[in-house]
Amino acid sequence: QKEVEQDPGPLSVPEGAIVSLNCTYSNSAFQYFMWYRQYSRKGPELLMYTYSSGNKEDGRFTAQVDKSSKYISLFIRDSQPSDSATYLCAMSVNRDDKIIFGKGTRLHILP
Amino acid sequence: EAQVTQNPRYLITVTGKKLTVTCSQNMNHEYMSWYRQDPGLGLRQIYYSMNVEVTDKGDVPEGYKVSRKEKRNFPLILESPSPNQTSLYFCASSLSPPPGWDTIYFGEGSWLTVV
């Protein structure tokens, strides 16, 4: 079983819809959970991060961690065409530890 | 403006011809690293550097070399490129110790094709 699993998509949704992106993981020691957004032909940029379980909200984005299920989610409300990108989840055990990246999910928001 | 600059952005080269991908950052970051991104494999770290003259292997260092003679620069060297090194390469810099996930900045990527 891979350490971090992420459906590569592509995921196509109409503008304005709520998007749910997910990752599962196998290492119960992970404590830091990140979401990166990567536009085509660009480097990844950090969107959000959370520590341990719970939710974190930033504008239209909500990151959710369920450690009991080893499952993390990123929700995008009122999705916009500018949200079209690849979203990578990433995790680490400690803050100074190696990051393990998911393979990324390609998201298309249809106008 | 905070920047990580990589060059070249696009390169097609032949097997065995040495090449260098340059990386420069303007944020006075101590920590820099190189990743490659391949379809189905995600981002994998090649090498990282904690400071000038301090470098260490990441997950996939074979076939690559790095050097860190100045704080701002961290070139990636392919001494004898092979087709399996065809990939998208990202340089990154960060304020915190590796991986510095909360302050990491990625360059725009270098598309390398080895034929």
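Remember, it's a predicted structure, so these values are computed and weren't measured experimentally.

Caption draft 1: Here's a closer look at the overall build of chain B. Helix and strand counts for chain B stand at 0 helices and 11 strands. Helices and strands appear in chain B in the N-to-C order β-β-β-β-β-β-β-β-β-β-β. Radius of gyration (C-alpha) of chain B: 13 Å, near the 13 Å computed for a compact globule of 115 residues. Taken along its principal axes, the extent of the C-alpha atoms in chain B is 35 × 30 × 25 Å. Each of the 115 residues in chain B was classed as buried or not, and the buried ones make up 51%. Contacts in chain B between residues at least 24 apart in sequence constitute 54% of all its contacts with a sequence separation of at least 6. Roughly 5300 Å² of accessible area belongs to chain B as shown, and the carbon and sulfur atoms make up 53% of that amount. Of the side-chain charges in chain B, 11 are positive and 11 negative, and the distance between the mean point of each set is 7 Å.

Caption draft 2: The interface of chain B and chain A, seen in detail. Each partner contributes residues to the interface: chain B has 21 residues there, and chain A has 21 residues. Both faces combined, the contact of chain B with chain A buries some 1800 Å², and carbon together with sulfur accounts for 57% of it. Taken together, chain B and chain A are joined by 1 salt bridge. In this structure, E108 of chain B and K42 of chain A form a salt bridge, with 2.7 Å as the shortest nitrogen-oxygen distance. Taken together, chain B and chain A are joined by 5 residue pairs in polar contact (both at pLDDT 80 or more).

Caption draft 3: Representation of the packing of aromatic side chains. Taken as a whole and judged by the stated rule, the model has 9 aromatic pairs over all chains. Summarising the aromatic geometry, the rings of Y25 of chain A and F30 of chain A are spaced 5.8 Å apart at their centres and angled 65° between planes, so their arrangement reads as edge-to-face. A ring pair is formed by F101 of chain A and Y35 of chain B, whose centres lie 5.9 Å apart and whose planes are at 85°; its orientation type is edge-to-face. With F101 of chain A in strand β10 (residues 100-101) and Y35 of chain B in strand β4 (residues 31-38), this residue pair bridges two chains. Residue Y35 of chain B is classed as buried on the basis of its relative accessible area, which comes to 3%. Lying across the ring of W111 of chain B, R41 of chain A places its NZ or CZ 5.6 Å from the centre. Over the ring of F74 of chain B we find R68 of chain B, and its NZ or CZ is 6.0 Å from the ring centre.

Caption draft 4: A look at the sheet that holds strand β7 (residues 65-66) of chain B. All names here are of chain B. The strand order across the open sheet built from 4 strands is β1-β3-β8-β7, with neighbouring strands paired in antiparallel fashion. Only two strands of the sheet have a single neighbouring strand rather than two, namely β1 (4-7) and β7. Of the pairings in the sheet, the one linking β1 to strand β3 (residues 19-25) comprises 4 bridges and is antiparallel in character. Its bridge partner lying in β3, T5 is registered against S24.

Caption draft 5: Here's a closer look at unusual backbone geometry. Between G9 of chain A and the following residue, P10 of chain A, the backbone shows a cis peptide bond with an omega angle of 10°. Structurally, P10 of chain A is set in the loop between β1 (4-5) and β2 (11-14). Going from N7 of chain B to P8 of chain B, the amide bond is cis rather than trans, its omega being 0°. Along the chain, the position of P8 of chain B falls in the loop between β1 and β2 (10-13). Positive phi values are uncommon outside glycine, yet R41 of chain A reaches one of about 65°. Although it is not a glycine, D78 of chain A adopts a positive phi angle of roughly 45°. Looking at where D78 of chain A falls in the secondary structure, it is placed in the loop between β8 (71-76) and β9 (85-92). Residue D78 of chain A is classed as partly exposed on the basis of its relative accessible area, which comes to 43%.

Rules of the game
- Residue numbers here run from 1 along each chain, matching the order of that chain's written sequence.
- Numbering of ligands from 1 and lettering of chains from A proceed in the order in which they are written.
- Only residues with pLDDT of at least 70 are given local features in this predicted model, and only at 80 or more are side-chain atom pairs given and counted; all residues enter the totals for whole chains, interfaces and linings.
- To get the side-chain values, take all heavy atoms of the structure and skip hydrogens and water.
- Secondary structure is summarised from DSSP: a helix means a run of H or I of at least four residues, a strand means a run of E of at least two, and numbering begins at the N terminus for each.
- The globule rule is 2.2 Å times the number of residues to the power 0.38, and the radius of gyration it is compared with is taken over C-alpha atoms.
- Classification of residues uses two cut-offs on accessible area relative to the type maximum, computed with a 1.4 Å probe and protein chains only: under 20% is buried, over 50% is exposed, and between them is partly exposed.
- The contact criterion used is simple: two residues touch if any of their non-hydrogen atoms lie within 4.5 Å.
- Residue exposure ignores everything except the shown protein chains as possible cover, and the areas themselves are Shrake-Rupley values with a 1.4 Å probe.
- The positive count covers Lys and Arg only, the negative count covers Asp and Glu only, and His and the chain ends enter neither.
- Where a charge lies is defined by one atom per residue type, namely NZ (Lys), CZ (Arg), CG (Asp) and CD (Glu).
- Once two parts are joined, some of their accessible surface, as seen by a 1.4 Å probe, is lost; buried area is that loss totalled over both.
- For this analysis, a salt bridge means a side-chain nitrogen from Lys or Arg found within 4 Å of a carboxyl oxygen belonging to Asp or Glu.
- N or O atoms closer than or at 3.5 Å make up a polar contact, with two conditions inside protein: a donor-capable atom paired with an acceptor-capable one, and, for residues adjacent in sequence, both atoms drawn from side chains.
- Ring pairs are drawn from Phe, Tyr and Trp, using the six-membered ring of Trp, whenever the two centres fall within 6.5 Å, and their geometry is named by plane angle: stacked under 30 degrees, edge-to-face over 60, tilted for the rest.
- By the criterion adopted, a ring carries a charge over it if an Arg CZ or a Lys NZ lies within 6 Å of its centre and within 35 degrees of its normal.
- Paired strands are those between which DSSP finds at least two bridges.

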